[in-house]
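What follows is the residue order along each chain.
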Amino acid sequence: MAKITPLSESDAHQRLCRAHGDGRIAFYTDRAILARPGSPVYSALDVFVPPLVLMASSLTLLFAFGLVEWIIALVLVLLYQAFVAPHLVHWRLHRRAVAAILRHPHNLKLLWESGGLAMALKDWPERNCRGPLEDWRAFVRQYLDLPEAS
């Protein structure tokens, strides 16, 4: 019986990065966990700067044009904050998380332990791995340990 040798963290990370570069794997992030203070990929600028800029610009409309235009601008700002901003924040959060994951194994370990990360095979999405419940190194060994074409 063949003995399964465990992968080192750096080897598993290299295989994971190679699989992501080849487009074989996808990362999924949980906005509720990662978009809060204390998360390694949290950015207060994403959360607080857009509404401040939009409110300041709506106040400029109040002084420049009048009350009716200001009310219209304020309604548009509120609609943006309610429907567009959460998706924009999640998109930026996801990009930061994937960049951090691919940069260093320690980043992957931190995000994995926070519980806001999952990965799945793109061609076989039911084969997935969610942190921190499952072992990402075992997932890499099982599904991404393909022999290299020489």
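Please refer to the structure higher up on the page.
Let me begin by describing the structure that accompanies this report.

Quick notes on the rules
- Residues numbered from 1 in each chain as written.
- Predicted model: local features only at pLDDT ≥ 70, side-chain atom pairs only at ≥ 80, totals over all residues.
- Heavy atoms only, no water.
- Helix = DSSP H or I, 4+ residues; strand = E, 2+ residues; numbered from the N terminus.
- Rg over C-alpha atoms; globule rule 2.2 N^0.38 Å.
- Contact = heavy atoms within 4.5 Å.
- Lys, Arg positive; Asp, Glu negative; His and termini not counted.
- Charge placed at Lys NZ, Arg CZ, Asp CG, Glu CD.
- Buried < 20%, exposed > 50% of the residue type's maximum accessible area, 1.4 Å probe, protein only.
- Phe/Tyr/Trp six-rings, centres within 6.5 Å; stacked < 30°, edge-to-face > 60°.

Here we take up the overall build of the protein chain. Within the protein chain, the regular secondary structure consists of six helices and three strands. Each helix and strand of the protein chain, placed in order from N terminus to C terminus, yields the pattern α-β-α-α-α-α-β-β-α. Here the C-alpha radius of gyration of the protein chain, 21 Å, is well above what a compact globule of 150 residues would show, namely 15 Å. Across its three principal directions, the C-alpha atoms of the protein chain cover 80 × 30 × 25 Å. The contacts in the protein chain between residues at least 6 apart in sequence include a share of 60% that link residues at least 24 apart. Taking the 16 positively charged and 13 negatively charged side chains of the protein chain as two groups, their mean positions are separated by 2 Å.

Let us now look at the environment of Ile101. With respect to the helices and strands, the residue Ile101 is situated in helix 4 (residues 67-103). Overall, the relative accessible area of 1% leaves Ile101 in the buried class. Distance from Ile101 to Ala64, taken between C-alpha atoms, is 47 Å for residues 37 residues apart in sequence. Apart from residues no more than four positions distant in its own chain, Ile101 is found in contact with His13, Phe27, Asn107, Leu108, Leu111 and Leu117.

Our next topic: the packing of aromatic side chains. Taken as a whole, this structure holds two aromatic pairs when the rule is applied. Ring centres of Trp124 and Tyr143 lie 6.0 Å apart, and the angle between their planes is 85°; on these two criteria the pair is classed as edge-to-face. One end of the pair, Trp124, is in the loop between strand 2 (117-121) and strand 3 (128-130); the other, Tyr143, is in helix 6 (residues 136-143), and 19 residues separate them in sequence. The buried category is assigned to Tyr143, whose relative accessible area is 17%. These aromatic residues form a ring-pair network of at least three members: Trp124, Phe139 and Tyr143.

Turning our attention to the side chain of His13. Relative to the helices and strands, His13 is located in helix 1 (residues 9-21). By relative accessible area, His13 is classed as buried at 6%. With residues up to four places along the chain from it excluded, the contact list for His13 reads Ile101, Leu102, Arg103, His104, Pro105, Leu108 and Trp136.

None of the figures reported here should be taken as evidence of function without further support.
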